[in-house]
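A look at the structure
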Protein chains: 2
Amino acid sequence: GHLHNSEAFNYGVETWEAYKRGGLSTDILAEQKKVQEADLLIFQFPLYWFNMPAILKGWMDRVLVQGFAYDLSKVYDGGLLQDKLSLFSFTMGGSQQMYSKEGISGDIRYVLWSMQHGIMHFCGVKVLEPHICYAPEHVSEEERKEMLTAWSQRLKTLWKEEPIDCSPEWYFK
Amino acid sequence: GHLHNSEAFNYGVETWEAYKRGGLSTDILAEQKKVQEADLLIFQFPLYWFNMPAILKGWMDRVLVQGFAYDLSKVYDGGLLQDKLSLFSFTMGGSQQMYSKEGISGDIRYVLWSMQHGIMHFCGVKVLEPHICYAPEHVSEEERKEMLTAWSQRLKTLWKEEPIDCSPEWYFK
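Within each chain, residue numbers correspond to sequence positions counted from 1 in written order. Chain A is the first chain written and ligand 1 is the first ligand written, with later ones labelled in order. Reporting of local features is limited, given that this is a predicted model, to residues whose pLDDT is at least 70; pairs of side-chain atoms are given and counted only at 80 or more, and all residues count toward the totals for whole chains, interfaces and linings. No hydrogens and no water enter the side-chain calculation; it runs on all heavy atoms of the structure.

We count it as follows: UniProt positions are given in the numbering used here, feature names are shortened, and annotations may be inferred rather than shown by experiment.
In the nomenclature of an unreviewed UniProt entry, chain A corresponds to Ribosyldihydronicotinamide dehydrogenase [quinone] from the organism Elachura formosa. Checking UniProt for chain A, the heading Subunit (unreviewed entry) contains the comment "Homodimer." Per its UniProt entry, chain A bears the Catalytic activity (unreviewed entry) comment "1-(beta-D-ribofuranosyl)-1,4-dihydronicotinamide + a quinone + H(+) = beta-nicotinamide D-riboside + a quinol".

Rendered as structure tokens:
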């Protein structure tokens, strides 16, 4: 549709205005409907460059618009997507040792900060403990099978889990 | 071109193999040429969700392939893009107070970690102090002009600046 302000383009403002007048594109509306109906959002991806791949970041950028996911002063514990849970589950190239506090890549929690606190918590979504598979391409076939077993085991009791506190202390203590 | 391994698709392996046999697409090769010829890479963007927008993350995902930017044990100080500098310059919605150690959004350095350490340092690129404009859309016209002046002033003496140390201590001390 038409831009709200064609003089000074502001992506955040334009998507907010489009949301309010029902002018977002149908693929975004379909994704928002899925989020609205979900009790738990599981994001499964390979970690690229200490973060989610661009295509998933694009999902965050496009779907979690102001008015839908948060609003002027409705952020963090006051975010608009309350009573939902999220879980980041990913595979990565590096080893657990590299991503430790003393490892060359730093504590993996530093990587989780922007996704869990900066995105989900910002929208009021609670966060379950992340599920991380370290370097599946470098371990044995047997270890890979164990990873899959551990994940399916965890899924069975996922609803009994309590969210992590998702405060700076959890990440940087 | 053909996949190196069509049985088990691995994006990192496929781009690595494509790089070695000269099979990357022309737009990626053009970007790699720019990187190769540059002494300083300035990334200018609006911060979305505690990170760069998806389109810029996609540039990182596609351009910085194994063999070009890093290799098996050639990472961090041994990365393949040594003798280059980088600088992350961005605008953001939040205020400096929100992004302080005591602020609700946590220290802005936590946000810088994945970009500066996880991407640039990983490839051997040194990192200059980031250039951050806090909440330009919420400040006065005069303050916005000051932001632009400060940036153009900084550019004049950028070549005299020393890189930050880019170790976990810089980010999380």
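Here the narrative resumes.
**Remarks on the relation of the copies chain A and chain B**
To keep things clear, this is the line we draw: What sets the superposition is a least-squares fit of C-alpha atoms, and only residues with pLDDT of at least 70 in both copies go into it. Contacts are residue-level and defined by heavy atoms, with any inter-residue pair within 4.5 Å sufficient.
Relative to chain B, chain A is turned by 180 degrees and slid 0.0 Å along the rotation axis, the superposed coordinates differing by an RMSD of 0.0 Å. With respect to symmetry, the two chain copies, as superposed, fit the operation of a two-fold axis. If distances are taken from each C-alpha of chain A to the rotation axis, the shortest is found for A54 of chain A, at 2.4 Å. Of all interface residues in chain A, 100% are interface residues in chain B too; the two copies therefore contact each other through one and the same surface.

**Examining the packing of aromatic side chains**
The following threshold applies: When the centres of two rings from Phe, Tyr and Trp lie within 6.5 Å, Trp using its six-membered ring, the rings pair. Their planes under 30 degrees apart give stacked, over 60 give edge-to-face, and anything left gives tilted. A helix here means a DSSP run of H or I that spans at least four residues, while a strand means a run of E at least two residues long, and both kinds are numbered starting from the N terminus. Working definition: with a 1.4 Å probe on protein chains only, accessible area under 20% of the residue-type maximum means buried, over 50% means exposed, and in between means partly exposed. Charge-over-ring contacts are defined here by two conditions on Lys NZ or Arg CZ: a distance within 6 Å of the ring centre and an angle within 35 degrees of the ring normal.
Using the criterion set out here, one finds 39 aromatic pairs over all chains in the structure. Here the aromatic rings of F172 of chain A and Y110 of chain B are separated by 3.5 Å at their centres, their planes lie at 25 degrees, and the arrangement is stacked. Of the two residues, F172 of chain A sits in helix 6 (residues 168-172) while Y110 of chain B sits in helix 4 (residues 108-120), which places them in two different chains. Of the residues examined, F172 of chain A reaches a relative accessible area of 17% and is grouped as buried. Y110 of chain B sits in the buried class, given a relative accessible area of 8%. Seen from the ring of W16 of chain A, K20 of chain A lies directly overhead, with NZ or CZ sitting 4.2 Å from the centre. Above the plane of the ring of W170 of chain B lies R109 of chain B, whose end atom (NZ or CZ) is 3.9 Å from the centre.

**A word on the UniProt feature "domain: Flavodoxin-like fold" (unreviewed entry) in chain A**
As annotated by UniProt and renumbered to match this structure, "domain: Flavodoxin-like fold" (unreviewed entry) occupies residues 17-155 of chain A. The span residues 17-155 of chain A shows a helical share of 39% and a strand share of 15%, and its end C-alpha atoms are spaced 38 Å apart.

**Some words on helix 3 (residues 54-63) of chain A**
With 8 of 10 residues buried, helix 3 of chain A lies mostly within the body of the structure. By the burial criterion, the buried members of helix 3 of chain A are A54, L56, K57, G58, W59, M60, D61 and V63 of chain A. Buried residues in helix 3 of chain A make contact with helix 1 (11-20), helix 2 (26-37), strand 1 (40-46), strand 2 (85-92) and helix 4 (108-120) of chain A together with helix 3 (54-63) of chain B.

**Re the side chain of S105 of chain B**
Looking at the secondary structure, you find S105 of chain B in the loop between strand 2 (85-92) and helix 4. Overall, S105 of chain B belongs to the buried group, its relative accessible area being 1%. Sequence-distant contacts of S105 of chain B, defined by excluding residues within four places in its chain, comprise Y76, W113 and H117 of chain A together with F50, M98 and Y99 of chain B.

**Some remarks on the interface of chain A and chain B**
What counts, and what does not: Note on definitions: buried area is the accessible-area loss of two parts on being combined, 1.4 Å probe, summed for both. Salt bridges, as used here, are contacts in which a Lys or Arg side-chain nitrogen is within 4 Å of a carboxyl oxygen on Asp or Glu.
Contacts between the two partners involve 31 residues from chain A and, on the opposite side, 31 residues from chain B. Across the chain A to chain B interface the summed buried area is about 2,700 Å²; carbon plus sulfur atoms make up 67%. Linking chain A to chain B there are 0 salt bridges. If you list the elements that add at least two residues to the side of chain A that touches chain B, you get helix 1, helix 3 and helix 4 of chain A. The biggest single contributor to the side of chain A that touches chain B is helix 4 of chain A, with 7 residues.

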